[in-house]
Amino acid sequence: MPVLDREQVWPFAVGGLAAAAWLTLAVWERTPYGRYLDHGGWLETGVVGGLCRAFPAGSSLLPALLYAGGWLLMLVAMMLPTALPLVALFARMMRDRPDRDLLMALLIAGYLAAWSAFAVLAHALDARLHALAANSALLAFNGWAVGAAGLALAGAFQFSRLKYHCLEQCRAPLGFLARHWRGGAPRRQAFGLGLRHGVFCVGCCWALMILMFVVGMGNVGWMLALGAVMATEKNARWGPRLSAPLGIALLLTAAVLVAQRV
């Protein structure tokens, strides 16, 4: 049985972690608890609904924790594999250090911290929209407009300078490491390196991740599709050429949705 080289251990570990996350999501989706991955009225019923009513601030704190946990699982499955080139390069740089494993863990923790912050903000926005819909008959009966707006926003963002600036940072891990790794205070720098890379990753992919609210957070098929698109954009040689056609497709889908309703 072949033995992994020291610098290969962490890339394989990240791949295994992502595979475990995908498997968990696929199994979870098919259980009676699959609704906990999605949005809707599940907080008013079942065990979670009882807990929300039993604890002070339970109706806001517990849903936030559950949504953030669900998003973290999705992020490990969808976004962590897209950072494999950075993980592999950093593992190669750290291969002879005695604290290599700690620094690798901090790098990954920083990356996921950036996406977790996005998850919390996304939850807050989603909760606000649900609250508005609950108090607005117009919005409640025209929820399709929110979906169309999300599609249009994601499509338009594909053509923005911010998108391409952040994408360039994500696509050049060697240059990124050369610019931001100085070696002093290695633990703090490893976490900061992952955090900074995660921020750029959020910057280029946040609009596509927002589409999960349109298609449904618990839809593993759409997770796979969007994860594949983002991985291709970030890592394939021809990845940037995918952005414009994808933006056009999203804008056209939004336009068709509006035309069908008007």
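Residues numbered from 1 in each chain as written. Predicted model: local features only at pLDDT ≥ 70, side-chain atom pairs only at ≥ 80, totals over all residues. Heavy atoms only, no water.

Caption draft 1: Structural context of the overall build of the chain. The helix and strand tally for the chain stands at twelve helices and zero strands. For the chain, the α and β elements follow one another from N to C terminus as α-α-α-α-α-α-α-α-α-α-α-α. Contacts spanning at least 24 positions in sequence make up 76% of the contacts within the chain whose residues lie at least 6 apart. Carbon together with sulfur atoms contributes 69% to the accessible area of the chain, which is approximately 13,400 Å² in total. (Helix = DSSP H or I, 4+ residues; strand = E, 2+ residues; numbered from the N terminus. Contact = heavy atoms within 4.5 Å. Areas by Shrake-Rupley, 256 points an atom, 1.4 Å probe, with all protein chains shown as cover.)

Caption draft 2: Fine view of the state of the cysteines. According to the stated counting rule, one finds zero disulfides in the structure shown. Left unpaired, Cys201 is separated from the closest cysteine sulfur, that of Cys205, by 4.5 Å. We note that Cys205 lacks a disulfide partner, and the nearest cysteine sulfur, in Cys204, lies 3.3 Å from it. (Disulfide = S-S within 2.5 Å.)

Caption draft 3: Just helix H10 (residues 186–215), in detail. The terminal C-alpha atoms of H10 lie 41 Å apart, and with 30 residues this matches the ideal 44 Å at 1.5 Å per residue to within 8%. Approximately 60 degrees is the largest bend angle found in H10, and it occurs at Cys205. (Expected span 1.5 Å × (residues − 1). Bend = angle between axes of the 7 residues up to and from the residue.)

Caption draft 4: Region of interest: a nonpolar patch on the surface. Taken together, the side chains of Leu125, Leu129, Leu132 and Val146 define a hydrophobic patch exposed on the protein surface, amounting to about 300 Å² of accessible area. In terms of residue count, the dominant contributor to the nonpolar patch is helix H5 (residues 100–134) (three residues). Mapping Leu132 onto the fold places it in helix H5. Given a relative accessible area of 37%, Leu132 falls into the partly exposed group. (Patch = residues over 30% accessible without salt bridge, like charges linked within 9 Å, V, L, I, M, F, W, Y side chains within 5 Å. Salt bridge = Lys/Arg side-chain N within 4 Å of Asp/Glu carboxyl O. Buried < 20%, exposed > 50% of the residue type's maximum accessible area, 1.4 Å probe, protein only.)

Caption draft 5: Summary view of the confidence of the model for the chain. In the predicted model, the chain carries a mean pLDDT of 82, and 81% of its residues have values of at least 70. The least confident element of the chain, judged by mean pLDDT, is helix H2 (residues 46–54) at 50; the most confident is helix H8 (residues 161–170) at 93. (pLDDT = per-residue confidence, 0-100.)

Caption draft 6: Molecular detail of the pattern of salt bridges. All chains considered together, the criterion is met by four salt bridges. The salt bridge involving Asp96 is made with Arg95; its shortest N-O contact spans 4.0 Å. The class of Asp96 is exposed, set by a relative accessible area of 69%. Note that Glu233 and Lys163 form a salt bridge whose closest N and O atoms lie 2.8 Å from each other. One end of the pair, Glu233, is in helix H11 (residues 220–235); the other, Lys163, is in helix H8, and 70 residues separate them in sequence. Lys163 matches Glu233 in its accessibility class, with the two residues each being buried.

Caption draft 7: Here's a closer look at the nonpolar core. Counting 60 residues, the largest nonpolar core has Met78, Met79, Phe90, Trp115 and Met209 as its most contacted members. The biggest single contributor to this core is H10, with 13 residues. With residues up to four places along the chain from it excluded, the contact list for Met209 reads Trp71, Leu75, Met78, Met79, Trp115, Phe118 and Met230. (Core = buried A, V, L, I, M, F, W, Y, C linked by side-chain atoms within 4.5 Å.)

Caption draft 8: The arrangement of the packing of aromatic side chains in detail. Within this structure, the stated rule accounts for four aromatic pairs. Each ring, one from Phe90 and one from Trp181, has its centre 5.3 Å from the other, and the planes form 80 degrees; the classification is edge-to-face. Taken together, the residues span a long stretch of sequence, with Phe90 in helix H4 (residues 84–94) and Trp181 in the loop between helix H9 (173–180) and H10 at a distance of 91 residues. A ring pair is formed by Trp115 and Phe118, whose centres lie 5.4 Å apart and whose planes are at 85 degrees; its orientation type is edge-to-face. Here the residue Trp115 and the residue Phe118 both occupy positions in helix H5, the gap between them amounting to three residues, near one helical turn. You'll find Trp115 and Phe118 in the same group, each marked buried. (Phe/Tyr/Trp six-rings, centres within 6.5 Å; stacked < 30°, edge-to-face > 60°.)

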